[in-house]
Amino acid sequence: MMYDTLIIGSGPAGLTAAIYASRAGLQYAVIEREPMGTGQIAYTERVDNYPGFYGIDGFSLGEKLREHAETLGTAFLEHEVTGLKSVQNGWQILTAAGDVLESRTVICASGASPKRLEISGESEWTGRGVSYCALCDGAFFTGKRVAVIGGGNTALSDALYLAKLAEKVYLIHRRDVFRADHALIEQAAHTDNIELVLQAIPVEIQGTDSVTALIVSRNGNKHLIPADGVFVAVGSVPNTAYVREIAELDSIGYIIAPESGETSAKGLFAAGDIRTKQVRQVVTATADGANAIASVQAYIQKAAAV
Amino acid sequence: MPLKIGKAEFAEAVEQSELPVLADFYSDSCIPCKRMSPVLSQLESDYAEKLKIVKINTNFEKELTEQFQIQAAPTLILFDKGKEIARIRGAAKKEEIIALIEQANKE
């Protein structure tokens, strides 16, 4: 079957693209790696900046978006995409299981994944004190000491969530100012059991049966921070390995694309966190989904006219 | 739907079970746990003759959580005659869980 467009990813960008594709009467489907996934937003405890849904938890917001797309008849195909191949009249999408799907256009909305620290002890202690999901694992550290590493919204939100459970939260950041929203920084500053450790670079995670300490470097000196858990929130890396040879990426790996979603490859569009942009939030991801479908329609009409 | 068990049922459901038991230590706030739930239900019926699957809520079962040193949700532990024989920390794909189950049936 030749689709008009296949949408890779079922986060807010992909789900909104599905909603717009349905309304545009396109032959389309959403390809997702994780069954019933809704992207990174599911892992956010509370979303205060998506208009109309003040205070909603990220999982519920994701479910609402998914229900919306499902109500409009969206088909979800479970595949891990490993590569794309340009063919006459469109694209072939190659999957980990060896399947090949065909579509006239492709929308890359596969978002980003949590970045790792790449320091000694990180891999060894993952699942035994090192975590990338405060919501998932926070409760195991009730009454214990934890370190949260990072300076963005995720790190600050994680620290605030963990402060409700843990006895003590060390918030470790390599710079002296946070990138996070002012409201979150203020909240953290007024939370008694959060201690800020700034201008500190994590260098090692130590443990015996599980994590016991984080070693940081400050002004060239090493310091030991006693911690039973280390929560890593140092940003994300775009999931663009499958388009590396196909579309132009920036130095970090984001697909270079303007608001229209058009990439350097014909018939290939990018939406959501995966593309170069100023603000990576649900509100801009959903907008990208809508724009990408408008671009797909224009592309298909233009191709038909030739 | 896999049976939810606690400390009180653990001996009978896991330690004294004739069949190997896959225990899913999950938490209410854990999204990967929610996503894995339908996968485990499916595997429970696929492997009904070979394996039992139980769910343990780490938010309430503190003693079992401590006893098995769970620090990541979900954690899947495979028991045979009450003895731990394998463990997956963090979310697992269906294929990984199947590989774990197949391993248990070989041993």
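Note: the structure precedes this text.
The notes below deal with the structure included here. (Residues numbered from 1 in each chain as written. Chains lettered and ligands numbered in written order. Predicted model: local features only at pLDDT ≥ 70, side-chain atom pairs only at ≥ 80, totals over all residues. Heavy atoms only, no water.)

The next thing to look at is the overall build of chain A. Helix and strand content of chain A: seven helices and 17 strands. Scaling as 2.2 N^0.38, a compact globule of 306 residues should have a C-alpha radius of gyration of about 19 Å, and chain A matches this with 21 Å. Along the three orthogonal principal directions, the C-alpha set of chain A runs to about 65 × 40 × 30 Å. Contacts spanning at least 24 positions in sequence make up 59% of the contacts within chain A whose residues lie at least 6 apart. Summed over its atoms, the accessible surface of chain A is roughly 14,100 Å², and 48% of this surface lies on carbon and sulfur atoms. Across chain A, the 25 positively charged side chains and the 34 negatively charged ones have centroids separated by 4 Å. (Helix = DSSP H or I, 4+ residues; strand = E, 2+ residues; numbered from the N terminus. Rg over C-alpha atoms; globule rule 2.2 N^0.38 Å. Contact = heavy atoms within 4.5 Å. Areas by Shrake-Rupley, 256 points an atom, 1.4 Å probe, with all protein chains shown as cover. Lys, Arg positive; Asp, Glu negative; His and termini not counted. Charge placed at Lys NZ, Arg CZ, Asp CG, Glu CD.)

Residue and element names in this part refer to chain A. Read from one edge to the other, the open sheet built from five strands follows the order β8-β15-β9-β10-β11, with strand pairing classed as parallel. Every other strand in the sheet has two partners, leaving β8 (130-131) and β11 (194-198) as the edge strands with one partner each. Of the pairings in the sheet, the one linking strand β10 (residues 168-173) to β11 comprises five bridges and is parallel in character. Bridge pairing in β11 places I172 opposite V197. (Pairing = 2+ DSSP bridges.)

Residue and element names in this part refer to chain A. Sheet analysis places strand β13 (residues 211-218) next to strand β14 (residues 221-226), joined by six bridges and oriented antiparallel. Residue S217 lies in a different strand from β14, and its bridge partner there is K222. Taking the residues between adjacent antiparallel strands as the criterion, β13 and β14 are bridged by two residues, where N219 takes a positive phi near 50°.

Further remarks concern the sheet that holds strand β12 (residues 201-207) of chain A. All names here are of chain A. The strand order across the open sheet formed by three strands is β12-β13-β14, and the pairing between neighbours is antiparallel. This sheet does not close on itself; its edge strands, each paired only once, are β12 and β14. Neighbour-to-neighbour, the strand axes of this sheet turn through a mean angle of 25°, independent of strand direction. (Axes fitted to C-alpha atoms, helices over the stretch in contact; angles between N-to-C directions.)

Our focus in this paragraph is the packing of helix α1 (residues 12-23) of chain A against helix α7 (residues 282-305) of chain A. Residue and element names in this part refer to chain A. Between α1 and α7, the least distance of the axes is 7 Å, while the angle of their chain directions is 35°. Of the two elements, α1 crosses α7, and the hand of that crossing is right-handed. Residues P12, A13, T16, A17, Y20 and A21 of α1 pack against V282, A285, T286, G289, A290 and I293 of α7. Here the contact of α1 with α7 is composed, by residue class, of nine nonpolar, three polar and no charged. (Left-handed = near helix turned anticlockwise from the far one by under 90°. Nonpolar A, V, L, I, M, F, W, Y, C, P; charged D, E, K, R; others polar.)

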